[in-house]
Amino acid sequence: MNYSVVIPFHNEQENVVELYRTLKEVMEEVCDAFEFIFVDDGSEDDTYRLLSEIADNDRRVTLVRLRRNFGKTEALAAGFEEATGEFVIVMDGDLQHDPHLIPQFIKKLELGYDVVCGCRVARPGDSLLLKRIPSRIANWLMARLTGVELHDFVGGFKAYRTSLIRQIPLYGELQRFIPVLAATFGARIAEFPIEIAPRKHGRSHYGFRRAIPFLFDIVTIPLLLRFATRPMHFFGTIGFGAMGLGMVSALWLVIEFFRGVGVMSEHGPLLFFSTILLLAGLLLISLGFLGELNVRHHYLAAQAPRDSEPLRVKRKKGQ
Ligand code: UDP
Ligand code: MG
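This section reports on the structure supplied with the text. These numbers were taken from a predicted model, which means no experiment stands behind them.

## Brief notes about the coordination of the magnesium ion (ligand 2)
For step 1, the next point in the chain: Taken together, the protein donors to the magnesium ion (ligand 2) comprise Asp 94 (OD) and Gln 96 (OE1), at separations of 1.8 to 1.9 Å.
For step 2, the next point in the chain: Gln 96 gets classed as buried once you look at its relative accessible area, which sits at 14%.

If you want it as structure tokens, here you go:
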């Protein structure tokens, strides 16, 4: 088995059959060993029935059904678990991704890349203000913050080496960050421009409402990747910075005090500001320390003795 095509579906009843037909045609042409992993992410419409009919008639199809709607990341993670191919190709189940582009992904994979990203150039039908501009900003931010030079992190048409994708922990909304996570594993990443078709049937799951939590992820994930094993470097830097500033201004206030200036009445705001800086710095450094304890705990937990272990004194006979 060489290629596993993994597709998440949530309420895509109008798209399922047509997608399967085209996909099958394309895959039969480009390679002889492939499988389809279709994941039904708790659809409430006819998606599951249609998918199971397909799976009944085609042995190359594996169907995974999630008990409820878990979201795209969980659906993909479930699909990756079932994949037996050397590579997985991931695409959306709404006909926005044209299966005819798959050979281009395969070509890149054959060149030795571990991750191949389809970078959306034309997006007819996607609203400029609600989808294209926010996604431009998000992509630009992600590239700056992570140092991974991609033009489109968000788009869902991608291909991965299966052994690599298995190493990457997937939860929450992490599917958008797979290339970034892969980069931390030293993956070789390629991208090429693709065109996205407008959605003909069904409704998009990702409107503006989802864009706001995504903004948090854009900030959190790069920080997490950089500082997960050394939290003090993050908290400590800001903390020491704040404390340093606080100390300088506090020192100046002390000098003023000894020069007979009424610090409370003359420099009230500065006094207030220095106190806050000193306290905030102390808190940040303490947070960093707690973070370091957490990391230490994580790495040492396996070897640690139990708290309740009774003290045993061994004595040899005759002593
Ligand atoms: N999807 C899913 N579970 C969800 C949301 C989406 O499996 O909770 C699937 C959906 O069926 C589609 C793909 O993820 O195949 C992309 O979703 P959508 O087309 O709504 O996103 P957009 O293209 O609008 O960003
Ligand atoms: Mg779509």
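## Here's the deal with the site of ligand 1
For step 1, the next point in the chain: Neighbouring ligand 1 are 17 residues; Glu 12, Asp 41, Asp 94, Ser 204 and His 205 lie closest to it.
For step 2, the next point in the chain: For ligand 1, an oxygen atom lies 2.5 Å from a polar atom in the backbone of His 205.
For step 3, the next point in the chain: Computed on the free molecule, ligand 1 has an accessible area of 530 Å², of which 93% lies beneath the protein chains in the complex.
For step 4, the next point in the chain: For the shell around ligand 1, the residue count by class is three nonpolar, seven polar and seven charged.

## Details of the packing of aromatic side chains
Centre distance and the angle of the planes are the two values used to describe a pair of aromatic rings.
For step 1, the next point in the chain: Across all of its chains, the model carries twelve aromatic pairs by this definition.
For step 2, the next point in the chain: With centroids separated by 5.7 Å and ring planes inclined at 15°, the aromatic side chains of Phe 36 and Phe 38 adopt a geometry described as stacked.
For step 3, the next point in the chain: Between the aromatic rings of Phe 105 and Phe 157, the centroid separation amounts to 4.6 Å while the plane-to-plane angle is 35°, which identifies the pairing as tilted. Here the residue Phe 105 occupies a position in helix H4 (residues 102-110), and Phe 157 occupies one in the loop between helix H5 (128-146) and strand E6 (158-161), the gap between them amounting to 52 residues.
For step 4, the next point in the chain: Here a set of aromatic residues connected by ring pairs shows up, and it is made of Phe 9, Tyr 20, Phe 34, Phe 36 and Phe 38.

## Here's the deal with the layout of surface pockets
For step 1, the next point in the chain: Considering only enclosed or pocket space, the largest pocket measures out at about 910 Å³ in volume.
For step 2, the next point in the chain: If you go around the largest pocket, you meet 41 residues; those closest to its centre are Lys 131, Arg 176, Ser 204, His 205 and Tyr 206.
For step 3, the next point in the chain: Of all the secondary-structure elements, those providing two or more residues to the lining of the largest pocket are strand E1 (3-9), H5 and helix H8 (208-227).
For step 4, the next point in the chain: When grouped by side-chain class, the residues that make up the lining of the largest pocket number 14 nonpolar, 15 polar and twelve charged.
For step 5, the next point in the chain: Here the second largest pocket defines a volume of roughly 390 Å³.
For step 6, the next point in the chain: Lining the second largest pocket are 17 residues, and of these Arg 120, Arg 136, Asn 139, His 151 and Asp 152 sit closest to its centre.
For step 7, the next point in the chain: Among the elements that take part in the lining of the second largest pocket, H5 stands out by supplying eight residues, more than any other.

## Considering empty space enclosed by the protein
For step 1, the next point in the chain: In total, this model carries one cavity of 30 Å³ or more according to the counting rule given.
For step 2, the next point in the chain: Considered as a void within the structure, the largest cavity measures approximately 50 Å³ in volume.
For step 3, the next point in the chain: As for the largest cavity, its lining consists of Lys 72, Leu 76, Val 90, Gly 155, Gly 156, Lys 158, Tyr 160, Gln 175 and Ile 178.
For step 4, the next point in the chain: Elements with a minimum of two residues in the lining of the largest cavity: helix H3 (72-82) and E6.

## Some details on the packing of helix H1 (residues 16-30) against helix H2 (residues 47-57)
For step 1, the next point in the chain: Where H1 contacts H2, the two axes come as close as 10 Å, and the packing angle between them is 30°. With respect to H2, the axis of H1 lies roughly parallel. As for the relative orientation of H1 and H2, their crossing is right-handed in sense. Residues Val 16, Val 17 and Tyr 20 of H1 pack against Thr 47, Leu 50, Leu 51 and Ile 54 of H2.
For step 2, the next point in the chain: Residues of the contact of H1 with H2, tallied by class, amount to six nonpolar, one polar and no charged.

## Notes on a nonpolar patch on the surface
For step 1, the next point in the chain: A cluster of nonpolar side chains, contributed by Leu 128, Leu 129, Leu 130, Ile 133 and Ile 137, occupies part of the molecular surface with about 480 Å² of accessible area.
For step 2, the next point in the chain: Inspection of the secondary structure assignment puts Leu 130 in helix H5.

## So, the nonpolar core
For step 1, the next point in the chain: Judged by nonpolar contacts, the single largest core of 37 residues is most densely connected at Phe 80 and Tyr 160.
For step 2, the next point in the chain: Of all the elements, H3 adds the most residues to this core, at five residues.
For step 3, the next point in the chain: If we ignore the near neighbours within four places in the chain, the residues touching Phe 80 are Val 6, Val 88, Val 90, Tyr 160, Ile 165, Arg 166, Leu 170 and Ile 178.
For step 4, the next point in the chain: Among the nonpolar cores identified, the runner-up in size contains 34 residues, and Phe 34, Leu 51, Val 61 and Phe 192 belong to it.

Rules used throughout
- Residues numbered from 1 in each chain as written.
- Chains lettered and ligands numbered in written order.
- Predicted model: local features only at pLDDT ≥ 70, side-chain atom pairs only at ≥ 80, totals over all residues.
- Heavy atoms only, no water.
- Donors = N, O, S within 2.8 Å, 3.2 Å for Na, K, Ca; no water.
- Buried < 20%, exposed > 50% of the residue type's maximum accessible area, 1.4 Å probe, protein only.
- Near = heavy atom within 4 Å.
- Polar contact = N/O pair within 3.5 Å; in protein donor to acceptor, adjacent residues only side chain to side chain.
- Areas by Shrake-Rupley, 256 points an atom, 1.4 Å probe, with all protein chains shown as cover.
- Nonpolar A, V, L, I, M, F, W, Y, C, P; charged D, E, K, R; others polar.
- Phe/Tyr/Trp six-rings, centres within 6.5 Å; stacked < 30°, edge-to-face > 60°.
- Helix = DSSP H or I, 4+ residues; strand = E, 2+ residues; numbered from the N terminus.
- 1 Å grid on protein atoms, 1.4 Å probe; cavity = no way out; pocket = protein on both sides within 12 Å on 5 of 7 lines; lining within 4 Å.
- Points joined across faces, edges and corners; volume = space filled by probe spheres on them.
- Axes fitted to C-alpha atoms, helices over the stretch in contact; angles between N-to-C directions.
- Parallel < 35°, antiparallel > 145°, perpendicular 65-115°, else oblique.
- Left-handed = near helix turned anticlockwise from the far one by under 90°.
- Contact = heavy atoms within 4.5 Å.
- Patch = residues over 30% accessible without salt bridge, like charges linked within 9 Å, V, L, I, M, F, W, Y side chains within 5 Å.
- Salt bridge = Lys/Arg side-chain N within 4 Å of Asp/Glu carboxyl O.
- Core = buried A, V, L, I, M, F, W, Y, C linked by side-chain atoms within 4.5 Å.

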